[in-house]
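Close look at the chain arrangement
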Amino acid sequence: MISEPRSETQSHLLLLKQDDASTTALKTILETRYHLTFVANFDQILQLLAAGPVDLILADATLASMNDYAFIKSIRQHPDYAQLPVVLIYDSAASNDIAKGLQAGANDFITQPLDRTIIETRIDLLIQHKRLVDEHQQAVKELESVHAMRNRSLNIASHDLKNPINNIRMAQFLLHNMIKDDDTAHVLLNNIDIAVTTMEEIVSEFLDSAALQGQSPDFKFSGIDVEDVLWDVIMQYNFPARKKNISLRVREVDGKVRADFHRLLQILSNLVSNAIKYSPLNKTVWLSSTIQENYVRISVTDHGPGIPAEERSQLFSEFGKLSTRPTGGENSTGLGLWIVKQLVTLQDGRVGVEFPPEGGSCFWIELPLWKSDSSATDEEIKTSPKFAKMVSTA
């Protein structure tokens, strides 16, 4: 292993050579512009790669082909060296040999007789490309680090926010029972209840948005009866609906979907919550489902003001703000429908909305039809709601 003195600004080249005359010629051409290290075998290349930065490898094609270009293949399989440029030097332009070298992973080749301008141009272009790739990979690593830090901060913030919100709700509940005859106090406590509910929704939706932007959540798929999950949603939102004298009704229901139960519940909760927010007092929100070929369409229909035609393209977009406002002073972050679309898409589904001529909106999702219970894996069965009920009652 022979190494020349190195300048801080010079690129570092490894030269795998067996012919002294060629080595001398390469040294004459390259030594003024590059830091050169001459090696006699592949093991020395690995040692130098592990010891410090290398910008390019020049290898005698005859020597490299003796082991079927194994050293190039090994370099390409190593995550730290996969982008390292390798140039093969051929005694003549034999197309079959050149093709084998390139197929093995070499980036380029040069042939005898050596031409200074061609060699320097090819080396400089390959090194420039490698450095651009290195800069890109470093930028990706830095962004991943920033993203991980953001997620940690969000998790800490959510924990720190949820505790005081829960404390406020508990205090509000206790005060309601303690102050029974003070109408003014009850009005104030009701306002606190609305404010706390709004805060909970904002925190939850922002955390869901951050999680979906980071990476796809884990899903535990199972066969879910649509009717079961619809009644769960109705039970969850019955009280908010009653505050506005809105009826939640189930009409035609059919089908069993392949989905994650908790994510499906979250999707339908968002749609029903929106329907309640934007429906006038004394109306009805209808929930239904139908089988359509290999999908089940679940619909949530309200009798609200609908969406202006010019604003409909903003539906399902992140922070999509529309001119239509909630009818009871409720809050809207503009994230709910975007979260719905992401969660449906990640479960191989579709989402959309229709606007009946008589007014209102019909938001729908389509999820894959669960073919039969016999197709369920052990993991899917164990994560299904019915299995959980069986275990809890056993």
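Residues numbered from 1 in each chain as written. Predicted model: local features only at pLDDT ≥ 70, side-chain atom pairs only at ≥ 80, totals over all residues. Heavy atoms only, no water.

1. Focus on the overall build of the protein chain
Let me state the cut-off plainly: Secondary structure is summarised from DSSP: a helix means a run of H or I of at least four residues, a strand means a run of E of at least two, and numbering begins at the N terminus for each. Relative accessible area decides the class of each residue, using a 1.4 Å probe on protein chains only: under 20% of the type maximum gives buried, over 50% gives exposed, and in between gives partly exposed. A contact between two residues is defined here by any heavy atoms of the two lying within 4.5 Å. Accessible surface is estimated by sampling points in the Shrake-Rupley manner with a 1.4 Å probe; for residues, cover comes only from the protein chains shown.
When its secondary structure is counted, the protein chain shows 12 helices and 13 strands. Counting the 394 residues in the protein chain, one finds 42% classified as buried. Taking the intrachain contacts of the protein chain between residues at least 6 apart in sequence as the baseline, contacts between residues at least 24 apart amount to 69%. Per element, the accessible surface of the protein chain, about 21,900 Å² overall, is 53% carbon and sulfur.

2. Thoughts on the packing of aromatic side chains
Quick note on the threshold: We call Phe, Tyr and Trp rings a pair once their centres come within 6.5 Å, taking the six-membered ring for Trp, and we label the pair stacked below 30 degrees between planes, edge-to-face above 60, and tilted otherwise.
Within the structure shown, the criterion is met by four aromatic pairs. The interplanar angle of 20° and the centroid separation of 5.7 Å between the aromatic rings of F219 and F221 together place this pair among those described as stacked. Residue F219 is classed as buried on the basis of its relative accessible area, which comes to 18%. Seen from their ring centres, F316 and F363 are 6.1 Å apart, and the 70° between their planes marks the pair as edge-to-face. Note that F316 is positioned in the loop between β11 (295-302) and α10 (336-345) and F363 in strand β13 (residues 361-368), a separation of 47 residues in sequence.

3. Regarding α10
Within α10, seven of the 10 residues are buried, which leaves the element mostly enclosed by the surrounding structure. Restricting attention to buried positions, one finds in α10 the residues G336, L337, W338, I339, V340, L343 and V344.

4. Description of unusual backbone geometry
A cis amide bond links Q112 with the next residue in sequence, P113, at an omega value of -5°. Examined against the element boundaries, P113 turns out to sit in the loop between β6 (108-111) and α6 (116-178). Although it is not a glycine, Y69 sits at a positive phi angle of roughly 60°. Assignment of secondary structure puts Y69 in the loop between α3 (61-65) and α4 (70-77).

5. Some remarks on a nonpolar patch on the surface
Here is the rule: Surface patches are drawn from residues lacking salt bridges whose relative accessible area is over 30%; two like charges belong together within 9 Å, two nonpolar side chains (Val, Leu, Ile, Met, Phe, Trp, Tyr) within 5 Å. Definition used for salt bridges: Asp or Glu carboxyl oxygen within 4 Å of a side-chain nitrogen of Lys or Arg.
A cluster of nonpolar residues, M170, F173, L174, L175 and M178, forms a patch on the protein surface that exposes about 530 Å² of accessible area. With respect to the helices and strands, the residue M170 is situated in helix α6. On the accessibility criterion, M170 (49% relative accessible area) is partly exposed.

6. Details of the pattern of salt bridges
Side-chain pairing between opposite charges can occur once the charged atoms of the two side chains come close. Scanning the model with the defined rule gives 10 salt bridges in all. The salt bridge involving E120 is made with R116; its shortest N-O contact spans 3.7 Å. Here E120 and its partner R116 are both found in helix α6, four residues apart, which amounts to about one turn of the helix. When its relative accessible area of 13% is taken as the criterion, E120 is described as buried. On the basis of relative accessibility, which here comes to 38%, the residue R116 falls in the partly exposed class. Across the pair E354 and R297 runs a salt bridge, and its minimum N-O distance is 3.1 Å. Of this pair, E354 sits in strand β12 (residues 350-354) while R297 is found in strand β11, placing the two residues 57 residues apart along the sequence. A cluster of three or more residues bridged by salt bridges with shared partners is formed by R33, R116, E120 and D124.

7. Examining the nonpolar core
Here is the rule we go by: Note on terminology: a nonpolar core comprises buried Ala, Val, Leu, Ile, Met, Phe, Trp, Tyr and Cys residues joined through side-chain atoms within 4.5 Å.
L264, L268 and I365 are the most contacted members of the largest nonpolar core, which has 43 residues in total. Elements with a minimum of two residues in this core: β7 (221-225), α8 (226-243), β9 (256-260), α9 (261-278), β10 (284-292), β11, α10 and β13. For this core, the element with the highest residue contribution is α9, accounting for nine residues. Residues in contact with L268, not counting those within four places in the same chain, are V229, L230, V233, I298 and I365.

8. Focus on the pairing of β6
Short version of the rule: Each pair of strands is called paired provided DSSP finds at least two bridges between the two strands. We call a crossover right-handed when, viewed with both strands directed away from the observer, the connection leading from the first strand over the helix to the second proceeds clockwise.
What you see with β6 is a clean split: D108 and I110 sit on the buried side and F109 and T111 on the side with no burial. Judged from the four bridges that link them, strand β5 (residues 86-90) and β6 form a sheet pairing that is parallel. When the bridges of β6 are listed, L88 appears paired with F109. What joins β5 to β6 is helix α5 (residues 95-104), and the crossover it makes is right-handed.

9. Concerning the sheet that holds strand β8 (residues 247-250)
Put simply, the test is: Lines fitted to C-alpha atoms define the axes, with helix axes restricted to the stretch in contact, and inter-axis angles between N-to-C directions lie between 0 and 180 degrees.
Taken in spatial order, the five strands of this open sheet run β8-β10-β11-β13-β12, and their pairing is mixed. With partners counted over all chains shown, the strands left at the sheet margins are β8 and β12, one partner each. On average, each strand axis in the sheet is inclined to that of its neighbour by 20°, with strand direction left out of account. Sheet topology places β11 next to β13; eight bridges connect them, and they run antiparallel. Bridging from a neighbouring strand, T301 pairs with C362 of β13. Contacting β8, β10 and β11, α8 crosses the sheet at an angle of about 170° to β8. In this fold α10 packs onto β12 and β13, with an angle of close to 20° to the strand it touches most, β13.

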